[in-house]
Amino acid sequence: QVQLVESGGGLVQAGGSLRLSCAASVSIFSINAMGWYRQPPGQQRELVAGITRGGSTNYADSVKGRFTISRDNAKKTVYLQMNSLKPDDTAVYYCAVGYGLGYDYWGQGTQVAVSS
């Protein structure tokens, strides 16, 4: 069982930055997929960014060039650096990890609110 704890959310003005962190309760050296999802108010959850054990990354078109995902295996943590934030980025952000290609474990979420 993997427990994930997100942090770093909050309220920020449009154009600002936030860095989300997700700390795992176990070593992540053997975890392949690590990602961030978000769920805006009244909408479905969507993938924001993902990173594999080999370092390959993928991003939603809406965040390309603004968000960067990274992982620190030694710290058992995955990060999401969010720059040039927009009101449309307002959502609950969830961390997810999986040993294979999919995501098996989820965090509780952290709220990000971007004011215009």
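For the structure, check the block above.
Below is a summary of the structure that appears in this document. (Residues numbered from 1 in each chain as written. Predicted model: local features only at pLDDT ≥ 70, side-chain atom pairs only at ≥ 80, totals over all residues. Heavy atoms only, no water.)

Turning next to the nonpolar core. Counting residues in hydrophobic clusters, the biggest one holds 29 residues, and the most contacted among them are Trp36, Leu80, Met82 and Tyr93. Residue assignment for this core shows that the elements contributing at least two residues are strand E3 (18-24), strand E4 (33-39), strand E5 (46-51), strand E7 (67-72), strand E8 (77-82), strand E9 (91-98) and strand E11 (110-115). (Core = buried A, V, L, I, M, F, W, Y, C linked by side-chain atoms within 4.5 Å. Buried < 20%, exposed > 50% of the residue type's maximum accessible area, 1.4 Å probe, protein only. Helix = DSSP H or I, 4+ residues; strand = E, 2+ residues; numbered from the N terminus.)

On to the packing of aromatic side chains, then. How two aromatic rings sit relative to each other is set out by the distance from centre to centre and by the angle between their planes. All told, the structure shown has three aromatic pairs when counted by the stated rule. Aromatic side chains Tyr37 and Tyr103 sit 5.5 Å apart centroid to centroid with 90° between the ring planes, which places their arrangement in the edge-to-face category. A residue pair is termed long-range when its members are at least 10 positions apart, and Tyr37 in strand E4 and Tyr103 in the loop between E9 and strand E10 (105-106) qualify at 66 residues. A relative accessible area of 21% places Tyr103 in the partly exposed class. Among the aromatic residues, those joined into a ring-pair cluster are Tyr37, Tyr103 and Trp106. (Phe/Tyr/Trp six-rings, centres within 6.5 Å; stacked < 30°, edge-to-face > 60°.)

Below, the discussion takes up the environment of Asp104. Residue placement: Asp104 occurs in the loop between E9 and E10. Contacts of Asp104, omitting those with residues within four sequence positions, involve Val97, Gly98 and Tyr99. (Contact = heavy atoms within 4.5 Å.)

We now examine the state of the cysteines. Enumeration according to the criterion identifies one disulfide in this entry. A sulfur-sulfur distance of 2.1 Å marks the disulfide that ties Cys22 to Cys95. Disulfide Cys22-Cys95: torsion about the S-S bond near -80°, hence left-handed. In this pair, Cys22 is assigned in strand E3 and Cys95 in strand E9, connecting sequence segments 73 residues apart. (Disulfide = S-S within 2.5 Å.)

Read across the sheet, four strands follow the order E1-E3-E8-E7 without closing on themselves; strand pairing throughout is antiparallel. Bordering the open sheet on either side are strand E1 (4-7) and E7, each of which pairs with just one other strand. On average, adjacent strands in this sheet sit at an angle of 15° to one another, irrespective of strand direction. With six bridges connecting them, E7 and E8 associate as antiparallel partners. Counted as the bridge partner of Ser70 is Tyr79 from E8. (Pairing = 2+ DSSP bridges. Axes fitted to C-alpha atoms, helices over the stretch in contact; angles between N-to-C directions.)

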